[in-house]
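# Notes for the structure review
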Amino acid sequence: MSSDAPALIESTTIDPASGGGSLPPPGPSLNDDLRRRLRRTEWRGHLRAYLLIAPLLIFVLVSFVLPLSTLVYKSFHDPVVPTGLPLTYKALREWGGPRDEVPTEPVYAALANDMKAAKRDGRAAEIASRLNIEASGLRTTFMRAVRRIDSVESGPWKPYFAGVDPAWESPTTWATVRNLADTNHGLFFLSALDLRKSSQGDVVRQPAEQRIYVEVFIRTIGISALVALLCMAFGFAIAYLLAHAGDRTANLLMILVLLPFWTSLLVRTTAWIVLLQKEGVINSMLLGIGAISQPLPMMYNKFGVAVAMTHILLPFAILPMYSVMRQIPPSFVRAARSLGASPTTAFLRVYLPQCAPGVAAGVLLVFIIALGYYITPALVGGAGDQMISYFIADNLTRALNWGLASAMGVLVLAAVLLLYWAYDKLVGVTNMRLG
Amino acid sequence: MNHPMVQFRSVQKTYDGESLVVKDLNLDIARGEFLTLLGPSGSGKTTSLMMLAGFETATSGDILLDGRPITHIPPEKRDIGMVFQNYALFPHMTVAENVAFPLSVRGIRGAASSEKVARVLGMVGLNDYGSRRPAQLSGGQQQRVAVARALVFEPKLVLMDEPLSALDKQLREQLQYEIKRLHHELGLTIVYVTHDQSEALAMSDRIAVFYQGRVQQLADPVTLYERPANSFVAQFIGENNAIHGRVESIDGHRCRVRVDESLTVPARLVAPLAVSQPARLSIRPERVVVTPPDGSVDVSVPAQVLDVTYLGRYVRMRLSACGSEEFIVTLPNDGREFSPSCTAVQIGWRADDCLALDVL
Ligand SMILES: Nc1ncnc2c1ncn2[C@@H]1O[C@H](COP(=O)(O)OP(=O)(O)OP(=O)(O)O)[C@@H](O)[C@H]1O
Ligand SMILES: [Mg+2]
């Protein structure tokens, strides 16, 4: 009877989308009127719901969507140079010479005018910094020309520029300037992937000694995958124990699992430093009982990073697995056994497949959080174990290359979304249970 | 082959070491029998079944299957098919995979397996549903799959723990019939648990009535209904009117019970009662006659109709009689007028329909 109920409702409710459901319309006027009334009541309900969650919606918009869109925007939008040197780019377009040639006098004249304007507006330093990101040294080249530009009234300008810095006579300098002609471009993504635009305007790899980010991306994914796998293995065992222990034991275990959530990340990381360092607790103990004669290097390497991150992220793996395991009634395994399956077979063929959504959710969650991990690798890892967040922070705070930092952020975001998409295709996001 | 299929011998079970959930279970189940464990919630039915299936161990006593003790045989080696209350169909497998599961763990695969699966699915009328997931089936269909899965490996014994309790009445009756049919056709031995007495009466060869960890009576449905062994069984199976009194005289299987100063009632002595002990008389509502013709009854007493409920097939009257305000009479609706409320009537019954039982 209960399975009939929804069908009944379906056939008597008039569905605005399908034009009256499966019932023949009893008459256009009545039907329209009903539909209008339904829409009005529905709309009223929706409005009330939206008003209720409005504060939350605004908060999410301001604190999450806005920064995220700014990040994406900054990764390709870069107007400083093209808006700072508009006449120069106009002249360059009119001249249209090949990239391995130095431009003609009108371009230099336009540049001089742009520089005078920029100096007046106080934007010269900003333009110089942006140019310097593309080719180090360009800041000096640019600022030298700016500094004395007011002392010269009129052209010819080419000798003036050649006089302040010979770089102005090099085609490479001009190629760099021409690469920045567009306000929206993919240069940041190129450098995030260890690529660049050559003076010929082609995409080429960075010189070997300047390639860092691809390796960092690979390392980030590697460490995250390792941590996710470790969390899956340990988390599964702990979740199983939790789900199948008696109530009292389970409660106690649960508190132990949740305890890390109540202490700061920094405290937990420092605790691992205390344990793992050269004169740390573990090394002293092992030395004390004579198991080793030299302290083991357990910190400032991948081992330390993996151990600390696994410990810190473990609850994120345990909780989804636990919640799924709790919902598997014991009768499933019992049914399997009564049907002739050995305990192992029952576990592998009946229990484990039903844990899959929880395991997948846990692993995915840990992997995604690990991708963006910053503090723990920064404190416990060595120079060669830093992950992508470290370099994002480095570009934000030290190199002041926000465009590159944004591009790297967007790449990480894209990787996460891709993963989420793949998960949805494989397991189905609605099957994911997080707790 | 002369020993029973299953024997419970003085089986006791406690979960907490304090109270016995099963107190002293002695039960023989014959080959080919449909035996039902019937009892109120918490009476130990599931526990007994789980001990037989191997998921619980008896605290003391023996359980014998085919004459051999099975205490140390794990569930998967007992060759017992089981249907669970929530069906326990594996949600990640299709219907066919579910049914093929017991075969595949026995190493039967390929054509041999699919042939058996098709046959057993045909038996429960689900030929076309093999590729569906359990979640895409209705409750009744899931139940059939669970039955098919428990039968496909031809176990010597099938256990069913309240397999129909989640279904509505109509579907339940239909499936009762189907399970009964499979029992006949395949010559199965079935141990069935339910707390629905009409289900038990309709299906079983024998019924064991459980109460407080003990079997109160083990008998076929007719005996159970007509000759309940004690007050609990009389009350639990079907409706009955209780009249309290004291045994006045005993003559073999007959006795007389004094209800008050003016009335003594002849009854059939069921419980081992002695003269002057308190007794509880039990009369089924459908055995009471209103305004009985002369000589058709052994007892006739005056009564007052309190209210009348019309139930279609029959009419249910509540009377005040023999000191009780809750004296129930049901009359078949044979088209005749029935006495309206607030009228005084005469009611009667035959001595054979009145049982003298122990007082609870
Ligand atoms: N695993 C267990 N641990 C402790 N006590 C239990 C356990 N299983 C059952 N019991 C107790 O044993 C008693 C009998 O339970 P059982 O499940 O056998 O009852 P039942 O007759 O099947 O009842 P129902 O009709 O409600 O299913 C109950 O009081 C119950 O609380
Ligand atoms: Mg039960």
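Residues numbered from 1 in each chain as written. Chains lettered and ligands numbered in written order. Predicted model: local features only at pLDDT ≥ 70, side-chain atom pairs only at ≥ 80, totals over all residues. Heavy atoms only, no water.

### Focus on the environment of Tyr87 of chain B
Within the secondary structure, Tyr87 of chain B sits in the loop between strand E6 (80–83) and helix H2 (95–104). Each residue touching Tyr87 of chain B, except ones within four places of it in the same chain, is listed here: Gly139, Gln142, Gln143, Ala146, Arg149, Pro163, Ala166 and Leu167 of chain B. (Helix = DSSP H or I, 4+ residues; strand = E, 2+ residues; numbered from the N terminus. Contact = heavy atoms within 4.5 Å.)

### Examining the site of ligand 1
All names here are of chain B. In the vicinity of ligand 1, the contacting residues are Tyr15, Val21, Pro40, Ser41, Gly42, Ser43, Gly44, Lys45, Thr46, Thr47, Glu162 and His195. A distance of 3.4 Å separates a nitrogen atom of ligand 1 from a polar side-chain atom of Tyr15. Within the complex, 58% of the 630 Å² of free accessible area of ligand 1 lies under protein. Considering each element in turn, the shell around ligand 1 owes the most residues, 3 residues, to helix H1 (residues 45–53). In terms of residue class, the shell around ligand 1 is made up of 3 nonpolar, 7 polar and 2 charged. (Near = heavy atom within 4 Å. Polar contact = N/O pair within 3.5 Å; in protein donor to acceptor, adjacent residues only side chain to side chain. Areas by Shrake-Rupley, 256 points an atom, 1.4 Å probe, with all protein chains shown as cover. Nonpolar A, V, L, I, M, F, W, Y, C, P; charged D, E, K, R; others polar.)

### Regarding unusual backbone geometry
For Tyr300 of chain A, which is not a glycine, the phi torsion comes out positive at approximately 60°. Relative to the assigned elements, Tyr300 of chain A resides in the loop between helix H14 (281–288) and helix H15 (302–326). Phi at Glu154 of chain B is positive, roughly 50°, even though this residue is not glycine. When you line up the elements, Glu154 of chain B lands in the loop between helix H4 (139–151) and strand E7 (157–161).

### Considering the sheet that holds strand E11 (residues 241–251) of chain B
All names here are of chain B. With mixed pairing, 5 strands are arranged side by side around a closed barrel as E11-E12-E13-E20-E14. Averaged over all pairs of adjacent strands, the angle between their axes in this sheet comes to 50°, without regard to strand direction. In the sheet, E11 pairs with strand E12 (residues 254–260) via 5 bridges, with the strands oriented antiparallel. Bridged to Asp251 within E12 is Arg254. (Pairing = 2+ DSSP bridges. Axes fitted to C-alpha atoms, helices over the stretch in contact; angles between N-to-C directions.)

### With respect to the domain arrangement of chain B
By a widely used convention, the size of an interface equals the accessible area lost when the partners come together. Residue and element names in this part refer to chain B. Taken as a whole, chain B is organised into domain 1 (6–231) and domain 2 (239–357). Distance between the C-alpha centres of domain 1 and domain 2: 39 Å. Across the boundary between the two partners, domain 1 contributes 8 residues, which contact 9 residues of domain 2. Summed over both sides, the interface between domain 1 and domain 2 buries roughly 780 Å², with carbon and sulfur atoms accounting for 42% of that surface. Per-residue buried area on domain 1 facing domain 2 is highest for Tyr225, Arg227 and Ser231; these three make up 62% of the total on that side. A salt bridge links Glu226 to Arg287; the nearest nitrogen and oxygen atoms lie 2.9 Å apart. For the pair domain 1 and domain 2, the interface holds 3 residue pairs in polar contact (both at pLDDT 80 or more). By residue number, the principal contributor to the side of domain 1 that touches domain 2 is helix H7 (residues 221–226), which donates 3 residues. Residues of the side of domain 1 that touches domain 2, tallied by class, amount to 4 nonpolar, 2 polar and 2 charged. (Domains from an automatic or database assignment. Buried area = accessible area lost by both parts, 1.4 Å probe. Salt bridge = Lys/Arg side-chain N within 4 Å of Asp/Glu carboxyl O.)

### Observations regarding the packing of aromatic side chains
The relation between two aromatic rings is expressed through the spacing of the ring centres and the mutual angle of the planes. What the rule picks out here adds up to 19 aromatic pairs over all chains. Ring plane angle 55° and centroid distance 5.7 Å describe the contact between Trp168 of chain A and Trp174 of chain A, whose orientation is recorded as tilted. Each of the two residues, Trp168 of chain A as well as Trp174 of chain A, counts as buried. Aromatic side chains Phe236 of chain A and Phe347 of chain A sit 6.2 Å apart centroid to centroid with 85° between the ring planes, which places their arrangement in the edge-to-face category. Of this pair, Phe236 of chain A sits in helix H11 (residues 213–244) while Phe347 of chain A sits in helix H17 (residues 343–371), and the two are 111 residues apart along the sequence. Take Phe347 of chain A: its relative accessible area is 25%, and that puts it in the partly exposed class. Cluster of aromatic residues (ring-pair linked, three or more members): Tyr108, Trp157, Tyr160, Phe161, Trp168 and Trp174 of chain A. Here the guanidinium or amino end of Lys13 of chain B rests over the ring plane of Tyr15 of chain B, the centre of that ring lying 5.1 Å away. (Phe/Tyr/Trp six-rings, centres within 6.5 Å; stacked < 30°, edge-to-face > 60°. Buried < 20%, exposed > 50% of the residue type's maximum accessible area, 1.4 Å probe, protein only. Lys NZ or Arg CZ within 6 Å of the ring centre and 35° of its normal.)

### Here's the deal with the layout of surface pockets
Residue and element names in this part refer to chain A. Of the pockets and cavities examined, the largest pocket occupies roughly 1,300 Å³. Contributions of two or more residues to the lining of the largest pocket are made by helix H2 (28–74), helix H6 (124–134), helix H9 (171–179), helix H10 (187–192), strand E1 (195–197), helix H19 (388–397) and helix H20 (402–426). The element contributing the most residues to the lining of the largest pocket is H6, with 6 residues. Residues of the lining of the largest pocket, tallied by class, amount to 18 nonpolar, 15 polar and 11 charged. Two domains each donate at least three residues to the lining of the largest pocket, and these are domain 1 (80–183) and domain 2 (213–400). (1 Å grid on protein atoms, 1.4 Å probe; cavity = no way out; pocket = protein on both sides within 12 Å on 5 of 7 lines; lining within 4 Å. Points joined across faces, edges and corners; volume = space filled by probe spheres on them.)

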